[in-house]
Amino acid sequence: MRRKLVAGNWKMNGNLVANATLLAEIKAGAVAAGCDVALCVPAPYLAQCQVMLAGSAIGLGAQDVSAHVAGAYTGEVAVSMLADFACHYVIVGHSERRAYHAESDAAVAQKALRALEAGVTPIVCVGETLVEREAGQTEAVVGRQLEAVLDVLADTGLAKIVVAYEPVWAIGTGKTATPQMAQDVHLALRSRLAKRSAAAALEVRILYGGSMKPDNAAELLAMPDIDGGLIGGAALKSADFLAIVAAV
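Quick caveat, the model's predicted, so the values are computed rather than measured.

## Some words on the overall build of the protein
And step 1. Looking only at helices and strands, one finds twelve helices and eight strands in the protein.
And step 2. When burial is assessed residue by residue, the protein has 51% of its 248 residues classed as buried.
And step 3. A fraction of 73% describes how many contacts in the protein between residues 6 or more apart in sequence connect residues 24 or more apart.
And step 4. For the protein, the accessible area works out to roughly 10,800 Å², and carbon and sulfur atoms hold 57% of it.
And step 5. Averaged over its 20 positive side-chain charges, the protein has a centre that lies 2 Å from the centre of its 24 negative ones.

As structure tokens, then:
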């Protein structure tokens, strides 16, 4: 049985003082969590978070990684650097990276591969826009995005990834896919995984990343193929984040 994962994505938010308070509250509140918990924080705060989360079961994560190992790539962060801070997770292919930085499916696949090579778990994001959903293209879009990653991974690596379905139209808009709508896409993604490896399809956790909040978390998490959440706005409020953890 897959152990659920609740991963907070702070996006471009935070400061040293506010982080310290938020980390202390989450660390204290997640002691008896019945699931895996992770926080994906801005790169400048990895050192602070590593120190403050030491000794806890909360996994540290980053929000992006370079597809390159090292070299003249100004502004990029190599996976070896994330490993230096004991990062367990890194988000790749978030819809905001795809939209604002024109990241292609192929680039996201390379980032996932780099992460796995360094022993860091990539949280591979897939998702459709409102236009694509209304055109009936949801499964085709998320399938294409996932296949690009599957194409570069061996079966052993495939079982080690985490997938996050984030309907772009539901991020930061207050709109949320119904639990059944989310379940349908999660099942389609698992079916794609199963075509490559039935064993991996049973192991890979698929998170929901479309505005999961305390008031809808339990219903979403009750779906058989929703294995947790990639949490945005609610991850910046300890009470909301911990309520989602408790909903598991």
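That covers the picture; the talk isn't over yet.
## Some thoughts on the pairing of strand β5 (residues 121-126)
And step 1. Most of β5 sits inside the fold, with six of its six residues counted as buried.
And step 2. Side chains of β5 alternate between two faces, with T121, I123 and C125 and P122, V124 and V126 buried alike.
And step 3. The pairing of strand β4 (residues 89-92) with β5 spans four bridges and is parallel. Looking at the pairing, V92 lines up with V124 of β5.
And step 4. With four bridges connecting them, β5 and strand β6 (residues 162-165) associate as parallel partners. Along β6, the bridge assignment pairs V124 with V163.

## What about the packing of aromatic side chains?
And step 1. In this structure the tally under the stated criterion is one aromatic pair.
And step 2. Measuring from ring centre to ring centre gives 6.2 Å for Y165 and Y208, while their planes differ by 55°; the resulting arrangement is tilted. You can see Y165 sitting in strand β6 and its partner Y208 sitting in strand β7 (residues 205-208), a full 43 residues away along the chain.

## Brief notes about the pattern of salt bridges
And step 1. All chains considered together, the criterion is met by 17 salt bridges.
And step 2. Ionic pairing is found between R133 and E128, a salt bridge with its closest N-O pair at 2.8 Å.
And step 3. Relative accessible area serves as the criterion here: at 24%, R133 is assigned to the partly exposed category.
And step 4. Residue classification places E128 among the buried residues on the basis of a relative accessible area of 0%.
And step 5. Salt bridges sharing common partners tie together R2, R190, D225 and D227.

Rules and cut-offs
Residues numbered from 1 in each chain as written. Predicted model: local features only at pLDDT ≥ 70, side-chain atom pairs only at ≥ 80, totals over all residues. Heavy atoms only, no water. Helix = DSSP H or I, 4+ residues; strand = E, 2+ residues; numbered from the N terminus. Buried < 20%, exposed > 50% of the residue type's maximum accessible area, 1.4 Å probe, protein only. Contact = heavy atoms within 4.5 Å. Areas by Shrake-Rupley, 256 points an atom, 1.4 Å probe, with all protein chains shown as cover. Lys, Arg positive; Asp, Glu negative; His and termini not counted. Charge placed at Lys NZ, Arg CZ, Asp CG, Glu CD. Pairing = 2+ DSSP bridges. Phe/Tyr/Trp six-rings, centres within 6.5 Å; stacked < 30°, edge-to-face > 60°. Salt bridge = Lys/Arg side-chain N within 4 Å of Asp/Glu carboxyl O.

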